[in-house]
Amino acid sequence: KAGVTQTPRYLIKTRGQQVTLSCSPISGHRSVSWYQQTPGQGLQFLFEYFSETQRNKGNFPGRFSGRQFSNSRSEMNVSTLELGDSALYLCASSPRMEVTEAFFGQGTRLTVV
Amino acid sequence: TQLLEQSPQFLSIQEGENLTVYCNSSSVFSSLQWYRQEPGEGPVLLVTVVTGGEVKKLKRLTFQFGDARKDSSLHITAAQPGDTGLYLCAGAWGGGADGLTFGKGTHLIIQP
C-alpha cells in the first residue's frame, strides 16, 4: 500500500508570494491533517479535514487555508508569505474521523527568502 | 489547550547504554502515540497505547502508559546508532475528535 505522498519536496519562495502544497493520503484514508514543524515550536497543528469538511483548525492566521477533494487528496495554501513561514510542512492521513494515529508523508520543506 | 511535556529535550549517549524518555501532561489522554523522525523526513508511528498501565515492546524499545493515562515513557535497551532520531509523543483527547497534540520531542544521539 502506498504511503502518504506530498509534493513538492522542496520549495523556495519570496516574501509576499503565495504557495500551494499537495498531499495524497493512504488509499482508503479519509482524514487528512496538516502540521507545521519548526526547530523552535516543534509540530504545530494547522487543520484537519474529513470527507471534504474542515473539522478542526489550529491557531494560525487566515493566510493559511486548506481544502480536501472528493478523492481525499488535500491541498494547503499560504498567501502573502512571511520569512517566519519557513518550515517543514507535514501532511498526515488517518483511517478514521477520530484521529488517534497519524501516518505522515515526507513533508514539504518551504523556504521563504 | 492541552500540553505535552517531553524530557529530556536532548540526550547523547554511547552505544550499548540504556535510556528512558518521558512524556507528561496534566490532562488524561484517550490514547497516546510515539513517533520517531529522522532529519528531513516525516515522523513514523512506532506504537499506540490506550489502556492505563499498558506496556508494549518493540524489539529493544519498551513503551509504558501511566496508570492514570497522563504520562508515558519510552525505554531503549542497549541503544544502537540506528536509534538516533527525534522521538515525539502525541496525545489524543476525547477519543481523537480534536486531533493529535504533539510534544516538542527528545533529540536522541547514539554515539558509536
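In the block above lies the structure referred to throughout.
Residues numbered from 1 in each chain as written. Chains lettered and ligands numbered in written order. Predicted model: local features only at pLDDT ≥ 70, side-chain atom pairs only at ≥ 80, totals over all residues. Heavy atoms only, no water.

> Provide a residue-level description of the side chain of A:S74, including the pertinent values.
Residues and elements named next belong to chain A. Along the polypeptide, S74 turns up in strand β8 (residues 74-78). For S74, the side chain forms a polar contact with the side chain of W34, separated by 2.9 Å. Within the structure, the side chain of S74 is placed 2.9 Å from the backbone oxygen of R67, a separation counted as a polar contact. Those residues within four positions of S74 in sequence are excluded, and the remaining contacts are L21, S22, C23, V32, W34, Y49, R67, Q68 and F69. (Helix = DSSP H or I, 4+ residues; strand = E, 2+ residues; numbered from the N terminus. Polar contact = N/O pair within 3.5 Å; in protein donor to acceptor, adjacent residues only side chain to side chain. Contact = heavy atoms within 4.5 Å.)

> Residue-level account of the sheet that holds β8(A), with values.
Residue and element names in this part refer to chain A. Strand order across the open sheet formed by four strands is β1-β3-β8-β7, with antiparallel pairing between neighbours. Two strands bound the open sheet, and with one partner strand each, they are β1 (5-7) and β7 (64-68). For this sheet, the mean inter-axis angle between neighbouring strands, taken without regard to orientation, is 15°. Two strands pair when backbone bridges link them, and strand β3 (residues 19-24) and β8 are joined in this way by five bridges, in the antiparallel orientation. Each bridged residue has a counterpart across the sheet, and for C23 the counterpart in β8 is S74. (Pairing = 2+ DSSP bridges. Axes fitted to C-alpha atoms, helices over the stretch in contact; angles between N-to-C directions.)

> Describe the pairing of strand β4 (residues 31-38) of chain A, with residues and values.
All names here are of chain A. Along β4, eight of the eight residues are buried, which leaves the element largely enclosed by surrounding structure. On β4, burial covers both faces: S31, S33, Y35 and Q37 on one face and V32, W34, Q36 and T38 on the other are all buried. Two elements, β4 and strand β5 (residues 42-50), share eight bridges in a ladder whose sense is antiparallel. Of the residues in β5, the one forming a bridge with Y35 is F45. Where β4 folds back onto β5 in an antiparallel hairpin, the turn is made up of three residues. One ladder, built from seven bridges, connects β4 with strand β9 (residues 87-94); its direction is antiparallel. By the bridge assignment for β9, S31 is matched with S94. (Buried < 20%, exposed > 50% of the residue type's maximum accessible area, 1.4 Å probe, protein only.)

> Requested: an account of the interface of chain B and chain A, with residues and values cited.
On the chain A side, the residues contacting the 21 residues of chain B number 20 residues. Interface area, chain B with chain A, both sides summed: about 1600 Å², of which 50% is carbon and sulfur. If you look at where chain B meets chain A, you find zero salt bridges. At the boundary of chain B with chain A, the tally comes to six residue pairs in polar contact (both at pLDDT 80 or more). Elements with a minimum of two residues in the side of chain B that touches chain A: β4 (31-37), β5 (44-49), β9 (85-92) and β10 (100-102) of chain B. The greatest single-element share of the side of chain B that touches chain A, amounting to four residues, is contributed by β4(B). In the side of chain B that touches chain A, the residues fall into nine nonpolar, nine polar and three charged. (Buried area = accessible area lost by both parts, 1.4 Å probe. Salt bridge = Lys/Arg side-chain N within 4 Å of Asp/Glu carboxyl O. Nonpolar A, V, L, I, M, F, W, Y, C, P; charged D, E, K, R; others polar.)

> Please set out the environment of A:P39 residue by residue, giving values where relevant.
Its place among the elements puts A:P39 in the loop between β4 and β5. C-alpha separation for the pair A:P39 and A:F50, spaced 11 residues apart in sequence, amounts to 28 Å.

> Account for the pairing of β8(A), naming residues and giving values.
Residues and elements named next belong to chain A. For β8, a buried count of five out of five residues is recorded, marking the element as mostly surrounded by other parts of the structure. Both faces of β8 are covered, namely the face carrying S74, M76 and V78 and the face carrying E75 and N77. Count of turn residues in the β7/β8 antiparallel hairpin: five residues, of which S72 carries a positive phi of about 75°.

> Describe the pattern of salt bridges, and please don't skip the residues or the numbers.
For the structure on display, the rule yields eight salt bridges over all chains. In this structure, A:R73 and A:E75 form a salt bridge, with 3.4 Å as the shortest nitrogen-oxygen distance. Relative accessible area serves as the criterion here: at 16%, A:E75 is assigned to the buried category. The partner of B:E38 in a salt bridge is B:R36, with the nearest N and O atoms 3.1 Å apart. For B:E38, a relative accessible area of 40% gives the class partly exposed. Each of A:R63, A:E82 and A:D85 takes part in salt bridges that share partners, so that together they form one network.

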